[in-house]
Amino acid sequence: DGGITQSPKYLFRKEGQNVTLSCEQNLNHDAMYWYRQDPGQGLRLIYYSQIVNDFQKGDIAEGYSVSREKKESFPLTVTSAQKNPTAFYLCASSISLGQSNQPQHFGDGTRLSIL
Amino acid sequence: KQEVTQIPAALSVPEGENLVLNCSFTDSAIYNLQWFRQDPGKGLTSLLLIQSSQREQTSGRLNASLDKSSGRSTLYIAASQPGDSATYLCAVLYTGANSKLTFGKGITLSVRP
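Residues numbered from 1 in each chain as written. Chains lettered and ligands numbered in written order. Predicted model: local features only at pLDDT ≥ 70, side-chain atom pairs only at ≥ 80, totals over all residues. Heavy atoms only, no water.

### Things to note about the overall build of chain B
Point 1. The number of helices and strands found in chain B is zero helices and eleven strands.
Point 2. Beginning at the N terminus, the succession of helices and strands in chain B can be written as β-β-β-β-β-β-β-β-β-β-β.
Point 3. Taking the principal axes of the C-alpha coordinates as reference, chain B spans close to 45 × 30 × 20 Å.
Point 4. The buried share among the 113 residues of chain B stands at 43%.
Point 5. Just so you have it, chain B exposes about 5,200 Å², and 47% of that area is on carbon and sulfur atoms.
Point 6. Within chain B, the 8 negative side-chain charges are centred at a point lying 6 Å from the centre of the 10 positive side-chain charges. (Helix = DSSP H or I, 4+ residues; strand = E, 2+ residues; numbered from the N terminus. Buried < 20%, exposed > 50% of the residue type's maximum accessible area, 1.4 Å probe, protein only. Areas by Shrake-Rupley, 256 points an atom, 1.4 Å probe, with all protein chains shown as cover. Lys, Arg positive; Asp, Glu negative; His and termini not counted. Charge placed at Lys NZ, Arg CZ, Asp CG, Glu CD.)

And the structure:
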């Protein structure tokens, strides 16, 4: 079955540590996205990528970094500079940017907590 | 500022009731509007997508409508079931937004048996 796989499901970060969240898709989608979800808030865009080796900052990129070396993979690193990383992180993909008739597909998320 | 609002934040109904979830947006210049379902601790599942040129979309017991001029969308759920209990999120793709969806905070629906 085609879909988006996020791992791990739960992740704990120590003070001063960088952690990386994995996102893999086999939908052959060009565009991929990372969102952060906090209780009582809507999803906020962290980074997005239109094609391999290209990515753009979203609304809350500070303290995060990404790479897009392969079409199917878009890992997110939460750096020590992100002082409030506790949240639910969602990865999504779509056929391409700007396609008005195509929905975004989401993974099952990674819950990150501070130790 | 382009925003999406969903009110109320939570709703509880008895099983079998027909119900309407509301979504409002601040700018009529949109590409599309999407409705998603989120179960606790899970990702989002796309339910319906309405393009700017469309007035409504239907899938099974779900019907979503779009009125750009008033900045409103509704998700109609017919004959609600306990399995419909989840959070429903509305998201708008504004023109010029380069595929960046703007999400509402969601409505948490509880259908009582």
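### Structural notes on the nonpolar core
Residues and elements named next belong to chain B.
Point 1. Counting residues in hydrophobic clusters, the biggest one holds 24 residues, and the most contacted among them are Leu21, Phe25, Leu33, Trp35, Leu75, Ile77 and Tyr88.
Point 2. At the level of secondary structure, the elements contributing two or more residues to this core comprise β3 (19–25), β4 (30–38), β5 (44–51), β7 (62–67), β8 (72–77), β9 (86–94) and β11 (107–112).
Point 3. Non-local contacts of Leu21, meaning those with residues more than four positions away in its chain, are made with Leu11, Trp35, Ser73, Thr74, Leu75, Ile77, Tyr88 and Ile107. (Core = buried A, V, L, I, M, F, W, Y, C linked by side-chain atoms within 4.5 Å. Contact = heavy atoms within 4.5 Å.)

### Regarding the environment of Arg36(A)
Residue and element names in this part refer to chain A.
Point 1. Along the polypeptide, Arg36 turns up in strand β4 (residues 31–37).
Point 2. On the basis of relative accessible area, Arg36 is assigned to the buried category, the value being 5%.
Point 3. At a separation of 2.7 Å, a polar atom in the side chain of Arg36 contacts the main-chain carbonyl oxygen of Asn84. (Polar contact = N/O pair within 3.5 Å; in protein donor to acceptor, adjacent residues only side chain to side chain.)

### Some words on the sheet that holds strand β1 (residues 4–7) of chain A
All names here are of chain A.
Point 1. Strand order in the open sheet made by the four strands is β1-β3-β8-β7, with antiparallel pairing throughout. With one partner strand each, in any of the chains shown, β1 and β7 (64–66) form the two edges of the open sheet. Neighbour-to-neighbour, the strand axes of the sheet open up by a mean angle of 20°, direction not taken into account.
Point 2. As judged from the three bridges shared by β7 and strand β8 (residues 76–78), these two strands associate in the antiparallel manner. Considered in β8, the bridge of Tyr64 is made with Val78. (Pairing = 2+ DSSP bridges. Axes fitted to C-alpha atoms, helices over the stretch in contact; angles between N-to-C directions.)

### What to know about the interface of chain B and chain A
Size of an interface, as often reported, equals the accessible area lost when the parts are brought together.
Point 1. Contact residues are listed per partner, giving 20 residues for chain B and 26 residues for chain A.
Point 2. Across the chain B/chain A interface, buried area totals approximately 1,800 Å², and carbon plus sulfur atoms make up 53% of it.
Point 3. Between chain B and chain A we count one salt bridge in total.
Point 4. Of the charged contacts in the structure, one is a salt bridge between Lys100(B) and Asp59(A), with a shortest N-O distance of 3.6 Å.
Point 5. Seen at the junction of chain B and chain A, the total is one residue pair in polar contact (both at pLDDT 80 or more).
Point 6. Contributing elements (two or more residues each) for the side of chain B that touches chain A: β4, β5 and β10 (101–103) of chain B.
Point 7. Top contributing element to the side of chain B that touches chain A by residue count: β4(B), with five residues. (Buried area = accessible area lost by both parts, 1.4 Å probe. Salt bridge = Lys/Arg side-chain N within 4 Å of Asp/Glu carboxyl O.)

### Let's talk about the side chain of Thr110(A)
Point 1. For Thr110(A), the position within the fold is in strand β11 (residues 110–114).
Point 2. Each residue touching Thr110(A), except ones within four places of it in the same chain, is listed here: Gln6(A), Ser7(A), Pro8(A), Lys9(A), Leu11(A), Leu21(A), Ala87(A), Phe88(A) and Tyr89(A).

### Looking at the packing of aromatic side chains
Point 1. For the structure shown, the criterion picks out eight aromatic pairs over all chains.
Point 2. Ring centres of Tyr64(A) and Tyr89(A) lie 5.9 Å apart, and the angle between their planes is 65°; this geometry places the pair in the edge-to-face category. Separated by 25 residues along the polypeptide, Tyr64(A) in strand β7 and Tyr89(A) in strand β9 (residues 87–94) bring together distant segments of the chain. Here the two residues Tyr64(A) and Tyr89(A) agree in accessibility, since each one is buried.
Point 3. Ring geometry for Phe106(A) and Phe36(B): centres 5.5 Å apart, planes at 80°, overall edge-to-face. (Phe/Tyr/Trp six-rings, centres within 6.5 Å; stacked < 30°, edge-to-face > 60°.)

### Some remarks on the pairing of strand β2 (residues 10–13) of chain A
Residue and element names in this part refer to chain A.
Point 1. Only one face of β2 is covered, namely the face carrying Leu11 and Arg13; the face carrying Tyr10 and Phe12 is uncovered.
Point 2. Bridging between β2 and β11 involves four bridges; their strand directions are parallel. Across the sheet, Tyr10 pairs through a bridge with Arg111, a residue of β11.

### Re the state of the cysteines
Point 1. Under the criterion given, the structure shown has two disulfides over all chains.
Point 2. Disulfide pairing is shown between Cys23(A) and Cys91(A); the S-S distance is 1.9 Å. On the sign convention where negative is left-handed, the bridge of Cys23(A) and Cys91(A), at about -70° about the S-S bond, is left-handed. In this pair, Cys23(A) is assigned in strand β3 (residues 19–25) and Cys91(A) in strand β9, connecting sequence segments 68 residues apart. No difference in accessibility class separates Cys23(A) from Cys91(A), as the two residues are buried.
Point 3. Covalent S-S linkage joins Cys23(B) and Cys90(B), the inter-sulfur distance amounting to 2.0 Å. On the sign convention where negative is left-handed, the bridge of Cys23(B) and Cys90(B), at about -60° about the S-S bond, is left-handed. Linking Cys23(B) in strand β3 with Cys90(B) in strand β9, this pair joins segments that are 67 residues apart in sequence. Each member of the pair, Cys23(B) as well as Cys90(B), is classed as buried. (Disulfide = S-S within 2.5 Å.)

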